[in-house]
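Breakdown of the fold
The residues making up each chain are set out below.
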Amino acid sequence: MTSHSDSAPPWAASGAATRQNGPVRVLVIEDEVALADAVARGLEAEGFEVVAVHDGLEGLEKARAERFDLIVLDIMLPGMNGYKVCRTLRDEEVWTPILMLTAKDGEYDEAEALDTGADDFLSKPFSFVVLVARLRALARRRSDANLQPLELGDLVLEPVSRTVRRGDTDIPLSPREFALLEALMRHTGEVVAKTDLLERVWGEDFEGDPNVVEVYIGYLRRKIDRPFGHSDLETVRGEGYRMGAATHSAS
Ligand code: CA
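A brief look at the structure comes next. (Residues numbered from 1 in each chain as written. Predicted model: local features only at pLDDT ≥ 70, side-chain atom pairs only at ≥ 80, totals over all residues. Heavy atoms only, no water.)

Turning our attention to the packing of helix α7 (residues 194–202) against helix α8 (residues 212–225). At a minimum axis distance of 10 Å, the contact between α7 and α8 shows a crossing angle of 80°. The angle between the axes of α7 and α8 places the two elements in the roughly perpendicular class. Judged by residue contacts, Lys194, Leu197, Leu198 and Trp202 of α7 engage Val212, Val213, Glu214 and Tyr216 from α8. Split into classes, the residues belonging to the contact of α7 with α8 amount to 6 nonpolar, no polar and 2 charged. (Axes fitted to C-alpha atoms, helices over the stretch in contact; angles between N-to-C directions. Helix = DSSP H or I, 4+ residues; strand = E, 2+ residues; numbered from the N terminus. Parallel < 35°, antiparallel > 145°, perpendicular 65-115°, else oblique. Contact = heavy atoms within 4.5 Å. Nonpolar A, V, L, I, M, F, W, Y, C, P; charged D, E, K, R; others polar.)

Moving on, we come to α7. Looking only at α7, the buried set comprises Leu197, Leu198, Val201 and Trp202. One side of α7 carries all its buried residues, which in axial view fall inside an arc of 100°. The secondary structure elements touched by the buried residues of α7 are α6 (175–185), β12 (191–193), α8 and β14 (240–243). Directly beyond the C-terminal end of α7, a positive phi value near 90° is found at Gly203. (Buried < 20%, exposed > 50% of the residue type's maximum accessible area, 1.4 Å probe, protein only. Arc of directions from axis to C-beta.)

At their nearest, the axes of helix α2 (residues 56–65) and helix α3 (residues 82–91) sit 10 Å apart, and the two run at 25° to each other. For the element pair α2 / α3, the angle class is roughly parallel. Like other packed secondary-structure pairs, α2 and α3 cross with a definite hand, here right-handed. From α2, Gly56, Leu60, Ala63 and Arg64 reach across to α3, where they touch Val85, Thr88 and Leu89. (Left-handed = near helix turned anticlockwise from the far one by under 90°.)

The calcium ion binds to the protein through Asp31 (OD), Asp74 (OD) and Met76 (O), with metal-donor distances spanning 2.1 to 2.3 Å. Positions of the donor residues of the calcium ion along the chain correspond to the pattern D-x42-D-x1-M. Residue Asp31 is located in the loop between β3 (25–29) and α1 (33–45), and its partner Asp74 is located in strand β5 (residues 70–74); the two are separated by 43 residues in the primary sequence. Given a relative accessible area of 30%, Asp31 falls into the partly exposed group. A residue is classified by how much of its surface remains accessible, and Asp74, at 3% relative accessible area, is buried. (Donors = N, O, S within 2.8 Å, 3.2 Å for Na, K, Ca; no water.)

By the bridge criterion, 5 bridges tie β3 to strand β4 (residues 49–53) in an arrangement that is parallel. Within β4, the residue paired with Val26 across the bridge is Val50. (Pairing = 2+ DSSP bridges.)

It is worth spelling out the packing of aromatic side chains at this point. All told, the structure shown has 3 aromatic pairs when counted by the stated rule. Geometrically, the ring pair formed by Trp202 and Phe206 is tilted, given 6.4 Å between the ring centres and 50° between the ring planes. The buried category is assigned to Trp202, whose relative accessible area is 11%. Residue Phe206 is classed as partly exposed on the basis of its relative accessible area, which comes to 28%. Seen in terms of ring centroids, Trp202 and Tyr216 are 5.3 Å apart; in terms of plane orientation they differ by 75°. Their pairing is edge-to-face. Separated by 14 residues along the polypeptide, Trp202 in helix α7 and Tyr216 in helix α8 bring together distant segments of the chain. Connected via pairs of aromatic rings, a cluster forms that spans Trp202, Phe206, Tyr216 and Tyr219. (Phe/Tyr/Trp six-rings, centres within 6.5 Å; stacked < 30°, edge-to-face > 60°.)

This is the structure we're talking about:
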């Protein structure tokens, strides 16, 4: 990843930027409004769906609140700088691939970008063709990693189609129930604290009753466990919730 050719790689011309369930969604966080607009228009013309914001903090909140496939992140930003945005998202286990725009063609910037958890970087000024190529590559890489189905016995969660099934039975879940189950299944066998679930699924600005987590755990059990005679979703008193403890200790 230290040297990139300026010519477009072969997979650059691989058609519209779509994936299984719709266009690839890109969050562009760039305070140079003209550049952000040009990138947004260009990516939209390539079939991407783009949301552009011009402030680091606003970008961070967007990345937390909505589901994006890719993030294009400038470094020097008002509100919060790009390094901090990137590190904060990774600390919160938001793994959306991030392409960082480094301001100068210096090794220090690039090393720093990768060190904070960015997946790739591009030095300004950059070629639009190269940007699109890199984003397509990142989207593809993501589909190899974070979009793999999560499985626990015969319970399967598909991050791409956002569906859940037990054996051959499809289990319809609300978006909130789905997010909660995904948060738990990404840590199968581990206790996830109620406060972590609250932050990840309801957002850290949530000011309602924290017992909403218990309520939704109840909903989930009634959908994924009880009808099938399972008890995969365990309450660990005083600590949180855990998926798959029984399965793990039995195997
Ligand atoms: Ca900037």
